[in-house]
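Inside the fold
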Amino acid sequence: MENRRSNWQVWHVRAEAERQIRGAGASPKRMPGLVDQVVARALKISVSMARPERDIVEPEPQRRRDGSSVYSVAGADLFTSTKVIAAEKRLVEAASRTDGLAVDESAVDMALMESVANGVTLNAGQTSLVREMATSGARLQLAIAPAGSGKTTAMRALSGAWIEGGGQVLGLAPSAAAAAALRSQIDTSTDTLAKLVHELTSRDPNARTWLDVPISEKNEAKAAGARWDPQARSWYAPAGAKQVAEGAPLAPWRVSATDIGPKTLVVLDEAGMADTISLDLAVQFVLDRGGSVRLIGDDQQLAAIGAGGVLRDIQTTHGACRLTELVRFVDPAEGAASLALREGRPESLGFYLDRDRVHVGDLATMTEDVFGAWQADRGKGLDSIMLAPTRELVSELNQRARAHRLEGAGDDAVDEGPTVRLADGNLASVGELIITRSNDRRLRSSSTDWVKNGDRWSVLQIDDGQLRVQHTQSGRLVTLPADYVSKNTELGYATTVHTAQGVSVDTMHGLASGDESRQQLYTMLTRGKQSNHVYLEVVGDGDPHSVIRPEMTHPLTPTDLLEQILARDDAPRSATTMLREQSEPATLLGQATQRYLDALYTAAEHQLGAEKVAALEADAERVVPDVTEQPAWPALRAHLILTSAHGVDPIVQLRSAAESRELDTAGDTAAVLDWRLDDTGLRGGGRGPLPWIPGVPSSLSENTVWGSYLVQRAAKVTDLAATVREEAATGTTPSWASAGAGRPADAVLGDVAVWRAAMLVDDGDRRPTGRAQMQKAAAIWQRKLNERLVGDRAPAMEEWGPQIAAASRATGSDPFAPILAERLAAMARSGVDAAGMLRRAAATGTLPDDHAAAALWWRISRHLSPAVAEQVDKDRHVEAAWTPRLPELLGQDRAAEVQASPWWPTLVTTVDRALQRGWSVEDLFRSEADQPLEPGDDPCQALIWRLSVAMDPVPDEHYDAYPDEDEDLWEHVPLPDDAVVMLPPTSPSISTRRSRTNHRRTWWTRSTRTTWSGSCS
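Source: prediction; values computed, not measured.

The next thing to look at is the packing of aromatic side chains. Overall, the coordinates contain 11 aromatic pairs when judged by the stated rule. Ring centres 5.7 Å apart and planes at 40° place the aromatic pair W882 and F925 in the tilted group. Taken together, the residues W882 in the loop between helix 34 (852–861) and helix 35 (886–890) and F925 in helix 38 (residues 921–925) connect sequence positions 43 residues apart. The residues W882 and F925 share a single accessibility class, namely buried. In this arrangement the basic side chain of R208 is found over the ring face of Y236, its NZ or CZ atom lying 4.0 Å from the centre. Directly above the ring of W450 sits K452, whose terminal nitrogen or CZ lies 5.8 Å from the centroid.

So this is what it looks like as structure tokens:
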């Protein structure tokens, strides 16, 4: 269990025990008993993560026959192992060591200059990461690299710096395909993490110099001096390392994964996909040999199948180096939106909805649309990929792609020649694109390469089930045996999201069911440089068996589904973190609140008695026929019973509510009546331990069975809420509160933190108060909290609200509107023409119905800043050549404030790009030290906005922001003789006559040159 997951329940243990015992050939009669014994033994040696409640004892009605509490759920307890906890602890401790090799700064400078000489200039974030990881002396160091942040370029430079400093570099990756990609990036030996773990667990690397000799090459290796160890069943070099040195006879069979010494740097790519046990084993081996390790990954992309989550522990304890600037996306707004998507912020959806990147329909239609869009992009010469959530849908897309290929072959398609059946059930013929699904080191395409899981090949020849194939990237040839073909190959036109991690293409078209996690959606929507489209299944497929399912009878909107995906954080958590969270006040408050409410309603029903409860139900049915059949009847029933505990006749109140207004149009009569029963929603009583939950009726507080118990329950909720409120006020700003310019007031932070904990809002849900509540008291309090969150932005809304609403009525229902107003106000204070930018953004086109205000922001943001992630670790600053001059240019205090801002990496990128265009540092920062600041304004953010607008003047509102690339509306207009190219005002004065064949005005944007129609004089 511990090799596959960081925690487990009894059901996981039982399933694994049944698999292993069945595989061992046990008789069916003995199976149940053997399984029980194995499960009991496994749980005995596991570490329980349960934290039973010991301060409150349930009364008799709240206990089961065996005396256990009704709140202890059978099989729900989580377990881990001492091995997992110890491995997590060792990895975190290893990250604190700084006694490793530190490369000299001159070696880093040389590697960076070599990169420039080869035509690749690293940006400031990449340079800072390379310098930090090469010179820190850290034995274990983590780098976080969001999708599209230029990880490949940075790793290549890091490898060059380490080698320049006299060291050696070894690359590792969780998969063979990723290891091969890493080899091409850093130009050094690479292998899989699993290979190193296999070497460490199957044969002692310190005992002999082992060799990897395929069966087909054993005679050749033996002739070169290799010897066979019958006990280890492996080949080895009898004379040791000198026989496998470069150029030595046995070098082709050297095991590079264990070739580690004091000067070795091990770069582990896609580290988030490595399981904790394997990672710990590898890191300890490297450290024991004196080497150093650099973990490169993204904790918000797809993670390990096995036990994981330790990267977050390392990041929390020791921080991490970060790549901040996105270099993949053509549109900077898409890059910025992907960063918001990565953090689970709902406003990110505004970009995708506005740019028509979200397509909805039934599964059959969406599958057809994905293929059609992919086919169209391929027809334009674009590198496009199709993604799907399941192997079955991938297979269907592959079938369509193959049929299309054969149709395009014309008459030749009639006789497609020999075919072979692949593992996915599809046929393949010559010219097909296939993907291999299993590593096989015996199938070598070169002395250092072999057939790997995830490799793509073109079929050149078919011979009796065998395939002669050519690798699509390396061009190397190999013959796949018939047995391998039938079991481990599939068509390769489409793939799953997991397989696509690490892939970069021009366009992506992906199917989604609505059940994906945020990490899956983020990985999907960051594969394409030019565009990424998601095709969402939102309606049924006509199956009569599914029409009664809740999602069919009350379907969610496409935006609801996408928001649910964003709130579904499946990033793994370590066992250490989960153990800590079990004792955190926020966790305990959620548990205590739910138990208080359950106990309150149970006590009211117990006090009323079964006979009176039955009479109440019958009376309710007479007052409102069929009310007991409504979906919300359990909630209404509990409301009526608690009302009776206050000494009020619930049927009289129910009749009054039913007669107050008509009920014929109600979709759920019980829900409407529950809302009408009282004005506060507190079930006829006063405020309880939290503002939105009812207090204990006096009749229950005086009850001998329930009185003291309910008082204890209420007191526990009150005490925990006070602790959560205090911690929120004194702690760091939570992620859900980071969208605005400033930190909300402490009182607001505290109350929202209590709400989120008590209402069990997932930490990954970036909506401040989570999903909308239906129960009256909770809905009222949630609305008040949302209003208080907007409270500090009220002046901005008064000023900018009408202008935002004028862009579209839909902005009124977007929770992002107050944040947009706040940003517009800050823009105006910084000297930017905020009103003009808003007007131009609105004139671009019709806004989407959902997240309209956010869509406006993404239209504006592409002109204000490049796509750069915020600064997270305040002790790790992105540096550039000009940053030491900042105190001189801005003054000591302002410079410190600017560098401490989360926007600092964005400013570095903005300034660097300005310098590349001919601006000087003095001109960029002239008069900035004297710029006035309003309380709460971020000087760094304001500076970025001013510089961006100065470098890239915004076109007027009549301009189409997304023109057809081939369209030139001024092509027929004669060019004036005095037309010139306009350059930045501080650049050298250059006036160039323009030819009559190139008469479009050119603006230089942050990452690409974009031409705007119009003449320039």
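With respect to topology, 5 strands assemble into an open sheet ordered 12-25-24-13-23, the strand pairing being parallel. Since the sheet does not close on itself, it has two edges, and those belong to strand 12 (358–361) and strand 23 (494–496), each with one partner. The mean angle between the axes of side-by-side strands here comes to 25°, regardless of whether they run parallel or antiparallel. Where strand 13 (residues 384–388) and strand 23 come together, 3 bridges link them in parallel fashion. Note that in strand 23 the partner of L387 across the bridge is T495. Along the sheet, helix 20 (residues 558–567) contacts strand 12 and strand 25 (528–537); its crossing angle with strand 25, the most-contacted strand, is approximately 110°.

Attention now goes to empty space enclosed by the protein. Evaluation of the coordinates by the stated rule reveals 9 cavities of 30 Å³ or more. Lining the second largest cavity are 14 residues, and of these G272, A303, G309, L311 and P572 sit closest to its centre. Of all the secondary structure elements, the ones that give two or more residues to the lining of the second largest cavity are helix 10 (276–288) and helix 11 (310–318). For the lining of the second largest cavity, the element with the highest residue contribution is helix 11, accounting for 3 residues. The residue makeup of the lining of the second largest cavity, split by class, is 8 nonpolar, 4 polar and 2 charged.

Looking now at the nonpolar core. L824, M827, W857 and I860 are the most contacted members of the largest nonpolar core, which has 64 residues in total. Apart from the residues lying within four places of it in its own chain, the contact partners of I860 are L824, M827, M837, L838 and A841. Judged by nonpolar contacts, the second largest core, of 44 residues, contains I641, L642, L700 and A721.

Below, the discussion takes up the pattern of salt bridges. Using the criterion set out here, one finds 58 salt bridges in the structure. Linking R90 and D280 is a salt bridge whose minimum nitrogen-to-oxygen distance equals 2.6 Å. Residue R90 is found in helix 3 (residues 82–94), and its partner D280 is found in helix 10; the two are separated by 190 residues along the sequence. Of the residues examined, R90 reaches a relative accessible area of 33% and is grouped as partly exposed.

So, about the packing of helix 28 (residues 707–730) against helix 29 (residues 746–758). At their nearest, the axes of helix 28 and helix 29 sit 8 Å apart, and the two run at 135° to each other. One way to sum up the angle between helix 28 and helix 29 is to call them oblique. At the point where helix 28 passes helix 29, the crossing takes the right-handed sense. Contacts between helix 28 and helix 29 involve A721, V724, R725, A728 and A729 from the first element and D746, L749, G750, D751, A753 and V754 from the second. For the contact of helix 28 with helix 29, the class distribution of residues is 7 nonpolar, 1 polar and 3 charged.

Let us look at the sheet that holds strand 8 (residues 234–237). With antiparallel pairing, the 3 strands of this open sheet are ordered in space as 6-8-7. Here the strands that pair on one side only, and so sit at the sheet edges, are strand 6 (209–211) and strand 7 (227–229). Between one strand axis and the next, the sheet turns by 50° as a mean value, whatever way the strands run. When strand 6 meets strand 8, the two strands line up antiparallel, connected through 3 bridges. For W210, the partnering residue across the bridge sits in strand 8 and is Y236.

Because side chains alternate across strand 21 (residues 477–480), one face comprises the buried residues V478 and L480, and the other comprises L477 and T479, none of which is buried. Examined bridge by bridge, strand 20 (residues 466–471) and strand 21 share 4 bridges and lie antiparallel to one another. Each bridged residue has a counterpart across the sheet, and for R468 the counterpart in strand 21 is T479. Counting the residues in the hairpin turn of strand 20 and strand 21 gives 5 residues, including G475, whose phi is positive at 80°.

The subject of this paragraph is the side chain of S517. Tracing the backbone shows S517 in the loop between strand 24 (505–512) and helix 18 (518–524). Beyond its immediate chain neighbours, meaning those up to four positions away, S517 contacts I565, R568 and D570.

To continue, consider helix 14 (residues 363–379). In an α-helix, one turn spans 3.6 residues, which is why side chains three or four residues apart end up on the same side. Under the 1.5 Å per step criterion, the end-to-end length of helix 14 is 24 Å for 17 residues, consistent within 8% with the ideal 24 Å. Listed as buried for helix 14 are M366, T367, V370, F371, A373, W374 and D377. Relative to the axis of helix 14, the buried residues are bounded by an arc of 160° and lie together on one face. Projecting away from the buried face of helix 14 at angles above 90 degrees are the exposed residues A364 and G379. On its buried side, helix 14 packs onto strand 12, strand 13, helix 15 (391–408), strand 24 and strand 25. At the N-terminal end of helix 14, a side-chain oxygen is found 3.1 Å from the backbone nitrogen of A364, two or three residues along, and the residue is D362. Among the residues trailing helix 14, G381 stands out with phi positive, at a value near 85°.

With that out of the way, let us pick up the packing of helix 3 against helix 11. Contact pair helix 3 / helix 11: the axes reach a minimum separation of 9 Å and the direction vectors enclose 40°. Taken together, the axes of helix 3 and helix 11 lie oblique to each other. Relative to helix 11, the crossing made by helix 3 is right-handed. Between helix 3, through E88, L91 and V92, and helix 11, the contact on the second element is made entirely by V310, D313, I314, T317 and H318. The residue inventory of the contact of helix 3 with helix 11, partitioned by class, reads 4 nonpolar, 2 polar and 2 charged.

What follows covers the side chain of N398. Along the chain, N398 turns up in helix 15. Once residues within four sequence positions are removed from consideration, N398 is found in contact with D424, N426, L491, G492, Y493 and A494.

Before going further, it helps to examine unusual backbone geometry. The phi torsion at D187 lies on the positive side, around 55°, for a residue other than glycine. In this fold, D187 is placed in the loop between helix 7 (176–186) and strand 5 (190–192). Here E270, not a glycine, exhibits a phi torsion of approximately 50°, which is positive. If you trace the backbone, E270 turns up in the loop between strand 9 (264–268) and helix 10. A relative accessible area of 12% places E270 in the buried class.

The next point concerns the environment of T909. Along the chain, T909 turns up in helix 37 (residues 904–916). For T909, a relative accessible area of 5% translates into the label buried. Note: C-alpha distance between T909 and P866 (43 residues apart in sequence) is 7.4 Å. Leaving out residues up to four positions away in the same chain, T909 has contacts with E325, P866 and V868.

As a further point, take the confidence of the model for the chain. Of all residues in the chain, 90% have pLDDT values of 70 or greater, and the mean over the chain is 86. Least confident of the elements in the chain is strand 27 (residues 1009–1012), whose mean pLDDT is 32; most confident is helix 13 (residues 348–354), at 96. The low-confidence segment residues 965–976 (pLDDT under 50) makes 15 contacts with residues lying over four places distant or belonging to another chain. Considering only residues more than four positions removed or in separate chains, one finds that residues 978–1017, a stretch of pLDDT under 50, has 89 contacts.

The next thing to look at is the pairing of strand 13. With 5 of its 5 residues buried, strand 13 lies for the most part within the structure. On strand 13, burial covers both faces: S384, M386 and A388 on one face and I385 and L387 on the other are all buried. As paired elements, strand 13 and strand 24 share 4 bridges and run parallel to each other. Counted as the bridge partner of M386 is H509 from strand 24.

With that settled, the discussion passes to the environment of G240. Within the secondary structure, G240 sits in the loop between strand 8 and strand 9. Given the relative accessible area of 16%, G240 is considered buried. Through-space distance from the C-alpha of G240 to that of T209 is 5.4 Å; in sequence the pair is 31 residues apart.

Each value, and the rule that gives it
- Residues numbered from 1 in each chain as written.
- Predicted model: local features only at pLDDT ≥ 70, side-chain atom pairs only at ≥ 80, totals over all residues.
- Heavy atoms only, no water.
- Phe/Tyr/Trp six-rings, centres within 6.5 Å; stacked < 30°, edge-to-face > 60°.
- Helix = DSSP H or I, 4+ residues; strand = E, 2+ residues; numbered from the N terminus.
- Buried < 20%, exposed > 50% of the residue type's maximum accessible area, 1.4 Å probe, protein only.
- Lys NZ or Arg CZ within 6 Å of the ring centre and 35° of its normal.
- Pairing = 2+ DSSP bridges.
- Axes fitted to C-alpha atoms, helices over the stretch in contact; angles between N-to-C directions.
- Contact = heavy atoms within 4.5 Å.
- 1 Å grid on protein atoms, 1.4 Å probe; cavity = no way out; pocket = protein on both sides within 12 Å on 5 of 7 lines; lining within 4 Å.
- Points joined across faces, edges and corners; volume = space filled by probe spheres on them.
- Nonpolar A, V, L, I, M, F, W, Y, C, P; charged D, E, K, R; others polar.
- Core = buried A, V, L, I, M, F, W, Y, C linked by side-chain atoms within 4.5 Å.
- Salt bridge = Lys/Arg side-chain N within 4 Å of Asp/Glu carboxyl O.
- Parallel < 35°, antiparallel > 145°, perpendicular 65-115°, else oblique.
- Left-handed = near helix turned anticlockwise from the far one by under 90°.
- Expected span 1.5 Å × (residues − 1).
- Arc of directions from axis to C-beta.
- Polar contact = N/O pair within 3.5 Å; in protein donor to acceptor, adjacent residues only side chain to side chain.
- pLDDT = per-residue confidence, 0-100.

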